[in-house]
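Structure at a glance
One-letter residues, chain by chain:
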Amino acid sequence: MKAINIYTYSRIQEDMATEYENILSQRSKKLNVKVQEFVAIKTLVDLLLDIDIETKHFENFFASFTIEQIGKEFDLIKLDKGKLVLNIELKSEDVGVDVIQNQLEKNRYYLKHLAPDVRLYTFVESTKELYKYTSKGVKIVELEDLKDTMELLQKSLGENIESLFQANNYLISPLNTPSKFMTGDYFLTNQQHDIKKKIVDLILLDDKEHILGITGKAGTGKTLLLYDIIKTVAEQGLKCCLIHSGILCNGHKTLNTQWENVNIFSAKELNGDGAERLKKYQYIFVDESQRIYISAFKKILEEVISESKTVIFAYDYVQSLSKAEVNRNIPAKLKEVDGFIEYMLSDKIRTSKEIASFTRTMMNLNNRARGYMDYSDIDVLFANNTEEAMQLIDLYNEKGYTFISYTQSMYYSNSIDLYPNTYDTHHVIGQEYDKVMIMMDENFRYDRERRIQGKEHPNPDLLFYKLLYQAISRAREKLCVLVVENYKLFSAILNIKFDMLSRYQYKENRTNVTLSVKKLNRFTKQIKDKLPGLEKNDAITISETVDMINDELMGAELKKKVVRNGLKLLNLMQEKLECEEIYELISNYCEYVEAISIP
């Protein structure tokens, strides 16, 4: 995505705002510009011009930038990385000081890793008022305050703002970063917040029994949402217990020492007469519920129903790791309980879309990504033997990767026993890591339907392909797949990357084979030579549109929608022109661009 000049952008009429913005920003996904936001930008620019700001200070604003993983959007951002970040939010009507302050506080959280100085404003178009965020709250300031900030940004970023937002800068895990969780150094997504409000309002309303469920695929934020609800309930002075259906990690132990009114313990502690522990708590929370035993599940339900308590289960049936867990199917049994209510998280926030796409294809080679995906953060390596594999594991350990091994059998041996098991698939349940490395060997193969399959695990209850998915789904930013001694498997997985790269190269080759740069430059020069005779704003619009189309044509990844929108804008501009000569020149240019880019 490229930054735009909001002065040139605001000179056009609102009917072409969408087309023009998409051409200027060259964003990968089309943005439908809201009329009220365009009007607000236009008004703000005009007011700043009235106080004699130079037009150069309108350069390099990223408009409507969204952090894809969490769906967080910023109206306008301009930044000098490591020094200063400017954020301006736009409102068509006055929404109240509290709403403005809450939004700017969230924005500061997501922007503070970029620079030590983060300046945040909200402009209300209807009242022409400008609000500024300060440590003491928001206050109304004069436009000169914003002008001074804009003039400080002498060297500002012009493109690729997406690369600055890595998941570890704004996504936290209660188990991997318990200190940040306890201090509240995080925000929920809109979807998480909406579900939390429904649940908290329901369970704190009365003393009736409530049996609820939170479900969602790996990476949707189930654990953070569950823990955040627990925190809210515990802060009311109410006694809560959190039952983890697995092995307690260091994060659990840290939270147990710091969390008032909350006790964390493993589901296995409900064995025997362990159900007596439940009597101490009015609110019971169960994480990784798809793994809990039937006996423990029944004890929890009996306590909740008989004593009119609340229980919330968090689960993902797909992440069942054994045959027994699959057969128990706790999520299905929950749906048979009278009064049960399920809430579903659908927005994937933890795993990058590239890793999620690669994983889908690796688990089933028929699930090829529809569009282009940049798999550069995914490494596929081959080792001829265990010795070579260990060298590569050591190498990636130095690069900051966490090697996740497969859970071993206590009684029978397997090749998986030869590798480090500090972090195995059962010990990392509920946790996440920025960089993950996994190993695949002769235990894996693709079947005739091109789905990944595993041999019989030495523990006959465990399923290799389930353990594989569990390990991969812990990765947030980077993934390394190390294939050992299984060259057929390596070739199939490597081809996932090669197939995607081929699509990228095809676009590059197809464009460059048909494109004559000399001819394109000739058409461009002919048009620009005639622009001085046009009205200034029309000339700027035509010039910048032609430049954006040319940039797209000579880029490696051709975005046809950008080209189409550019041609559409030029055609509309033609209708306004009285000069037949430039009308003809633009027509010749458009015909050539269509011929080489849109067959």
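None of the values given here were measured: they were computed from a predicted structure.

**Points about the overall build of the protein**
When helices and strands are tallied, the protein shows 20 helices and 18 strands. Seen along its three principal axes, the alpha-carbon backbone of the protein occupies a region of about 90 × 60 × 45 Å. When burial is assessed residue by residue, the protein has 54% of its 599 residues classed as buried. In the protein, of all internal contacts separated by at least 6 residues, the share reaching a separation of at least 24 is 74%. When the accessible surface of the protein is summed, it comes to about 27600 Å², and 47% of that surface belongs to carbon and sulfur atoms.

**A word on the domain arrangement of the protein**
What the domain assignment lists for the protein is domain 1 (4-165), domain 2 (181-343), domain 3 (351-493) and domain 4 (515-595). Measuring from the centre of the C-alpha atoms in domain 1 to the corresponding centre in domain 2 gives 40 Å. With 6 residues of domain 1 in contact, the opposing surface of domain 2 contributes 5 residues. Across the domain 1/domain 2 interface, buried area totals approximately 520 Å², and carbon plus sulfur atoms make up 56% of it. Scanning the region where domain 1 abuts domain 2 turns up 1 salt bridge. Asp 185 is paired through a salt bridge with Lys 112; the nearest N and O atoms lie 3.0 Å apart.

**Quick word on the side chain of Asp 80**
Among the structural elements, Asp 80 can be located in strand β2 (residues 72-80). The side chain of Asp 80 sits in the buried core without any salt bridge; Lys 83 is the nearest counter-charge, 4.4 Å away. Not counting the four nearest positions on each side in its chain, Asp 80 is found in contact with Ala 115, Leu 153 and Lys 155.

**Some remarks on helix α19 (residues 560-576)**
Between its first and last C-alpha, α19 extends 25 Å over 17 residues, near the 24 Å set by a 1.5 Å rise per residue. Those residues of α19 lying buried are Val 562, Val 563, Asn 565, Gly 566, Leu 567, Leu 569, Leu 570, Met 573 and Gln 574. Those residues of α19 that are buried are in contact with α2 (17-25), α18 (536-553) and α20 (580-597).

**So, the sheet that holds strand β8 (residues 240-244)**
Pairing is parallel in the open sheet, where 6 strands are placed in the order β9-β8-β10-β11-β7-β12. Strand pairing shows two members of the sheet lacking a second neighbour, β9 (262-266) and β12 (341-345), which therefore form its edges. Taking each pair of neighbouring strands and ignoring which way they run, the sheet shows an average axis angle of 20°. With 6 bridges connecting them, strand β7 (residues 210-216) and strand β11 (residues 310-315) associate as parallel partners. Bridge pairing in β11 places Ile 211 opposite Val 311. Of the strands in this sheet, β7, β10 (283-287), β11 and β12 are in contact with helix α7 (residues 190-203), which crosses β12 at around 160°. Most of the contacts of helix α9 (residues 250-258) go to β9, to which it runs at about 150°, and overall it touches β8 and β9.

**What to know about the pairing of β10**
When a strand is regular, its side chains alternate between the sheet's two faces. Taking burial as the measure, the 5 residues of β10 include 5 buried ones, the bulk of the element. Side chains of β10 alternate between two faces, with Tyr 283, Phe 285 and Asp 287 and Ile 284 and Val 286 buried alike. In this structure, β8 lies alongside β10, joined through 5 bridges in parallel fashion. Its bridge partner being in β10, Leu 242 is matched across the sheet by Phe 285. Here β10 runs beside β11; their pairing, made up of 4 bridges, is parallel. Across the sheet, residue Phe 285 finds its bridge partner in β11, namely Ile 312. The β-α-β motif built from β10, the intervening helix α10 (residues 294-307) and the parallel element β11 has right-handed crossover chirality.

**Digging into the pattern of salt bridges**
For side chains of opposite charge, pairing can occur when their charged atoms come near one another. Under the criterion given, the structure shown has 24 salt bridges. The structure contains a network of salt bridges with shared partners spanning Lys 279, Glu 303 and Lys 309.

**Describing the side chain of Thr 8**
Structurally, Thr 8 is set in helix α1 (residues 6-9). Taking relative accessible area as the criterion, Thr 8 reaches 8% and is therefore assigned buried. In this structure the side chain of Thr 8 is engaged in a polar contact, spanning 3.0 Å, whose partner is the backbone oxygen of Asn 5. Among residues more than four places away in sequence, those in contact with Thr 8 are Tyr 20, Ile 540 and Glu 544.

**Describing the pairing of β8**
Of all 5 residues in β8, 5 are buried, a share of seventy percent or more. Residues Cys 240, Leu 242 and His 244 of β8 are buried on one face, and the alternating residues Cys 241 and Ile 243, pointing to the opposite face, are buried as well. As defined by bridge partners, β8 adjoins β9 across 5 bridges and the pair is classed as parallel. In the sheet register, Cys 241 faces β9, and the bridge partner there is Asn 263. With α9 bridging β8 and the parallel β9, this β-α-β connection has right-handed handedness.

**Considering the nonpolar core**
Within the largest apolar cluster, 61 residues are counted, with the highest numbers of intra-cluster contacts made by Tyr 9, Leu 48, Leu 146, Ile 542 and Tyr 589. Two domains share this core, each providing at least three of its residues, namely domain 1 (4-165) and domain 4 (515-595). Not counting residues up to four positions away in its chain, the partners in contact with Tyr 589 are Leu 520, Phe 523, Thr 524, Ile 527, Val 546, Ile 549, Asn 550 and Leu 570. Among the nonpolar cores identified, the runner-up in size contains 60 residues, and Val 85, Val 138, Tyr 186 and Ala 234 belong to it.

**Quick notes on the environment of Lys 478**
Residue placement: Lys 478 occurs in strand β18 (residues 475-484). On the accessibility criterion, Lys 478 (26% relative accessible area) is partly exposed. Between the C-alpha atoms of Lys 478 and Met 437, which are 41 residues apart in sequence, the distance is 8.5 Å. A polar side-chain atom of Lys 478 sits 2.8 Å from a polar atom in the side chain of Asp 377.

Cut-offs used in this document
- Residues numbered from 1 in each chain as written.
- Predicted model: local features only at pLDDT ≥ 70, side-chain atom pairs only at ≥ 80, totals over all residues.
- Heavy atoms only, no water.
- Helix = DSSP H or I, 4+ residues; strand = E, 2+ residues; numbered from the N terminus.
- Buried < 20%, exposed > 50% of the residue type's maximum accessible area, 1.4 Å probe, protein only.
- Contact = heavy atoms within 4.5 Å.
- Areas by Shrake-Rupley, 256 points an atom, 1.4 Å probe, with all protein chains shown as cover.
- Domains from an automatic or database assignment.
- Buried area = accessible area lost by both parts, 1.4 Å probe.
- Salt bridge = Lys/Arg side-chain N within 4 Å of Asp/Glu carboxyl O.
- Lys, Arg positive; Asp, Glu negative; His and termini not counted.
- Expected span 1.5 Å × (residues − 1).
- Pairing = 2+ DSSP bridges.
- Axes fitted to C-alpha atoms, helices over the stretch in contact; angles between N-to-C directions.
- Right-handed = clockwise from strand over helix to strand, strands pointing away.
- Polar contact = N/O pair within 3.5 Å; in protein donor to acceptor, adjacent residues only side chain to side chain.
- Core = buried A, V, L, I, M, F, W, Y, C linked by side-chain atoms within 4.5 Å.

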